[in-house]
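Working through the structure, step by step
Listed below are the residues making up each chain.
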2 protein chains.
Amino acid sequence: MPLFRIATYNVNSIRSRLHIVIPWLERNRPVVLCMQETKVSDDLFPADEFRKIGYHVVFRGGKKGNGVAVAAPETPREVKFGIDDGKEPCEDRLITGIFGGVPVINAYAPQGFKMQAPQFQFKLEWYGRFREILSRRFSPKGRLVVCGDLNVAPEPIDVHNPKRLLGHVDFNPEIWKEFEELKKWGLLDLFRKHHAGEAGRFTFFDYRIPGTVERNIGWRVDHILATKAMAGKSVRCEIDMAPRLAEKASDHTILFADFEI
Amino acid sequence: MPLFRIATYNVNSIRSRLHIVIPWLERNRPVVLCMQETKVSDDLFPADEFRKIGYHVVFRGGKKGNGVAVAAPETPREVKFGIDDGKEPCEDRLITGIFGGVPVINAYAPQGFKMQAPQFQFKLEWYGRFREILSRRFSPKGRLVVCGDLNVAPEPIDVHNPKRLLGHVDFNPEIWKEFEELKKWGLLDLFRKHHAGEAGRFTFFDYRIPGTVERNIGWRVDHILATKAMAGKSVRCEIDMAPRLAEKASDHTILFADFEI
DNA sequence: GATGTTGATG
DNA sequence: CATCAACATC
């Protein structure tokens, strides 16, 4: 039974992170790699670098930061960008499609600036619109994997200092509720399936603060969620610190899950 | 008799050109390297990189582009920046001092935008003020080397297309006159001493035009001039294309002269 | 602090 | 086209 790996990585500029992403793909050969914050418009996306190593890549980005991409060895099917509900589609935040035969969503949730700001309301609304797409395009009874930087640390054990950080846009009751609704729809948090109750396991370490990695000052805001059908096949979900250790500019780590299909 | 090399290089940002400048200094060990367009304010000048390889460096730059620096293995003496005639001193365009025992001037002449513009008048005036400093601080009977990007191609053989370029701020009768006056004061053009009449020997290749190096589409606007006392000791004056070939962003070459002291 | 963007310069 | 400054985002 071949290894079936699905991974997510907030790259913080794909052009500045190619030397990390490409070797990682070559060594790990995942069935899907979801990327966020590619920070490049489509005409400048370095698709050739992925093709050279036998990966297809779909992507959507503009000039406003953000940007998402999904790389896969097989040609993806039914690829859609953004939310088609008549409002601002935010194509640079969402890709859905079938990758390696498995329905996959790559999501980059808005960060939200601060709770008092309109950006935070936009974040909450985005979660609602995201779940609509989920319901409309997929079934909780089918196979689905949701990957991405969801800009939420769901529990106190998911941040280094829950007391001080309460009220942060990624750590407050309102965003927890949105995340809960997502799970209620029919998604399991694969990291927690394999690491229940483990505190201090983080996917993000702010590089503006010195020594965050050494002192384990981080956040678990990148996630791989899956429907029962897929979660039942997952055998492992781990955080790969290598990119974060390689250079601080990569402040997110790679999160991956392995499945037995 | 040790090699006594004096060189000039318009670096187009010293911070972006360190990987060229530092190895060049290590390999060539010049007594003086004059640099122009360092494009860095003094608080950010990478002086440590020069110290590490045993070079002193004096520099002056602001936030307006420009910026000059001189590197030398020995501690320089009598270093002065700019023109102290009561007008705008332009400290980021001129360094005078004694480097390795030899009086040296590093000059970055104003480019002049276009002949009709006030910037061109400023360029002509700058040349006059420059000669005043020359007369006041040095003697044509003594030793002196003047290096720099003087933004003048003195003769038709110093540009690739004299017909079409006539009237350019670096190639016109008015700026030729200023350059002539400089020589009349008592300076010899060392490149022409060793390469009299040779056409198509350039120190600058515009990187906005593709293939300038291959097609030899250039300008000779960087110069090493010397008083009789120093010119008599010069044995060689050459253009080092290596930096220009290494990366197009370095659109000037390194010009150097060797002396037997 | 490490990435973008825009607009200005040569 | 490659730099800079300024600003904006995470």
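This text gives an overview of the structure that appears in the document.

The rules behind these values
Residues numbered from 1 in each chain as written. Chains lettered and ligands numbered in written order. Predicted model: local features only at pLDDT ≥ 70, side-chain atom pairs only at ≥ 80, totals over all residues. Heavy atoms only, no water. Helix = DSSP H or I, 4+ residues; strand = E, 2+ residues; numbered from the N terminus. Rg over C-alpha atoms; globule rule 2.2 N^0.38 Å. Buried < 20%, exposed > 50% of the residue type's maximum accessible area, 1.4 Å probe, protein only. Contact = heavy atoms within 4.5 Å. Areas by Shrake-Rupley, 256 points an atom, 1.4 Å probe, with all protein chains shown as cover. Lys, Arg positive; Asp, Glu negative; His and termini not counted. Charge placed at Lys NZ, Arg CZ, Asp CG, Glu CD. Near = heavy atom within 4 Å. Polar contact = N/O pair within 3.5 Å; in protein donor to acceptor, adjacent residues only side chain to side chain. Nonpolar A, V, L, I, M, F, W, Y, C, P; charged D, E, K, R; others polar. Pairing = 2+ DSSP bridges. Right-handed = clockwise from strand over helix to strand, strands pointing away. Axes fitted to C-alpha atoms, helices over the stretch in contact; angles between N-to-C directions. Phe/Tyr/Trp six-rings, centres within 6.5 Å; stacked < 30°, edge-to-face > 60°. Expected span 1.5 Å × (residues − 1). Core = buried A, V, L, I, M, F, W, Y, C linked by side-chain atoms within 4.5 Å.

When helices and strands are counted, chain A shows eight helices and 12 strands. Here the C-alpha atoms of chain A give a radius of gyration of 17 Å, agreeing with the 18 Å that 2.2 N^0.38 yields for 261 residues. When the 261 residues of chain A are sorted by exposure, 56% land in the buried category. Counting only contacts in chain A whose residues sit at least 6 apart along the sequence, the fraction spanning at least 24 positions is 69%. Carbon and sulfur atoms form 53% of the exposed surface of chain A, whose accessible area is close to 11,300 Å². Of note, chain A has its 39 positive side-chain charges centred 1 Å away from the centre of its 34 negative side-chain charges.

To continue, consider the protein's contact with DNA strand D. Every one of the 14 residues lining DNA strand D counts as a neighbour, but B:Ser13, B:Arg17, B:Tyr207, B:Lys248 and B:Ala249 are closest to it. A:Arg208 places a side-chain nitrogen or oxygen 3.2 Å from a base nitrogen of DNA strand D. At a separation of 3.1 Å, a phosphate oxygen of DNA strand D approaches a polar side-chain atom of B:Arg17. Ranked by residues supplied to the surface near DNA strand D, first place goes to helix H1 (residues 14-28) of chain B with three residues. Split into classes, the residues belonging to the surface near DNA strand D amount to three nonpolar, three polar and eight charged.

This brings us to the pairing of strand E1 (residues 4-10) of chain B. All names here are of chain B. Counting buried residues in E1 gives seven out of seven residues, a clear majority hidden from the surface. Residues Phe4, Ile6, Thr8 and Asn10 of E1 are buried on one face, and the alternating residues Arg5, Ala7 and Tyr9, pointing to the opposite face, are buried as well. Pairing of E1 with strand E12 (residues 254-259), which is carried by six bridges, proceeds in the antiparallel orientation. The residue bridging Thr8 from the neighbouring strand is Leu255, located in E12. As paired strands, E1 and strand E2 (residues 32-36) are joined by five bridges and run parallel to one another. For Ala7, the partnering residue across the bridge sits in E2 and is Leu33. This β-α-β element, E1 to H1 to E2, shows right-handed connectivity.

This paragraph deals with the sheet that holds strand E8 (residues 145-149) of chain B. Residues and elements named next belong to chain B. Pairing in this open sheet of six strands is mixed, and the strands run E5-E6-E7-E8-E10-E9 from one edge to the other. Each edge of the open sheet is held by one strand with a lone partner, namely strand E5 (77-81) and strand E9 (188-189). Inspection of the sheet shows E5 paired to strand E6 (residues 94-99) by three bridges, in the antiparallel sense. In the strand pairing of E6, Arg77 is matched with Ile98. Relative to strand E7 (residues 102-108), helix H3 (residues 118-137) is tilted by about 170°, and along the sheet it contacts E5, E6, E7 and E8.

Residue and element names in this part refer to chain A. With the rule as written, the count across this model stands at 14 aromatic pairs over all chains. Relative to Phe59, the ring of Phe45 has its centre 4.1 Å away and its plane inclined at 0°; by these criteria the two rings are stacked. With a gap of 14 residues between them, Phe45 in the loop between strand E2 (32-36) and helix H2 (47-52) and Phe59 in strand E3 (residues 56-60) connect regions that are remote in the sequence. Across the pair, exposure class does not vary: Phe45 and Phe59 are buried alike.

Residue and element names in this part refer to chain A. Strand order in the open sheet formed by six strands is E3-E4-E2-E1-E12-E11, with mixed pairing between adjacent strands. Lying at the two open borders of the sheet, with one neighbouring strand each, are E3 and strand E11 (234-240). Each strand of the sheet is rotated relative to its neighbour by a mean of 15°, with strand direction disregarded. Those strands touched by helix H1 (residues 14-28) are strand E1 (4-10), E2, strand E4 (68-72), E11 and strand E12 (254-259), and its axis lies near 165° from that of E1.

Moving on, we get to H3(B). Residue and element names in this part refer to chain B. Taking 1.5 Å of rise per residue, the 20 residues of H3 would be expected to cover 28 Å, and the 28 Å separating its terminal C-alpha atoms lies within 8% of that figure. Burial in H3 covers these residues: Phe120, Lys123, Leu124, Trp126, Tyr127, Arg129, Phe130, Arg131, Ile133 and Leu134. Elements in contact with the buried residues of H3: E6, E7, E8 and helix H5 (173-186).

Residue and element names in this part refer to chain A. Here Arg5 is to be found in strand E1. Judged by relative accessible area, which is 7%, Arg5 ranks as buried. Among the polar contacts listed, one links the side chain of Arg5 to the side chain of Asp258, at a separation of 2.6 Å. Beyond its immediate stretch of four places on either side in the chain, Arg5 contacts Trp24, Asn28, Pro30, Val31, Val32, Arg236, Phe256, Ala257 and Asp258.

Residues A:Ile6, A:Val32, A:Phe99, A:Val104, A:Val145, A:Leu190 and A:Phe259 are the most contacted members of the largest nonpolar core, which totals 28 residues. Those residues in contact with A:Leu190 that lie beyond four places of it in its chain are A:Ile224, A:Ala226, A:Ala231, A:Ser234, A:Cys237, A:Ala257 and A:Phe259. Core analysis: the second largest hydrophobic core is formed by 27 residues, B:Val31, B:Ile95, B:Ala226 and B:Leu255 among them.

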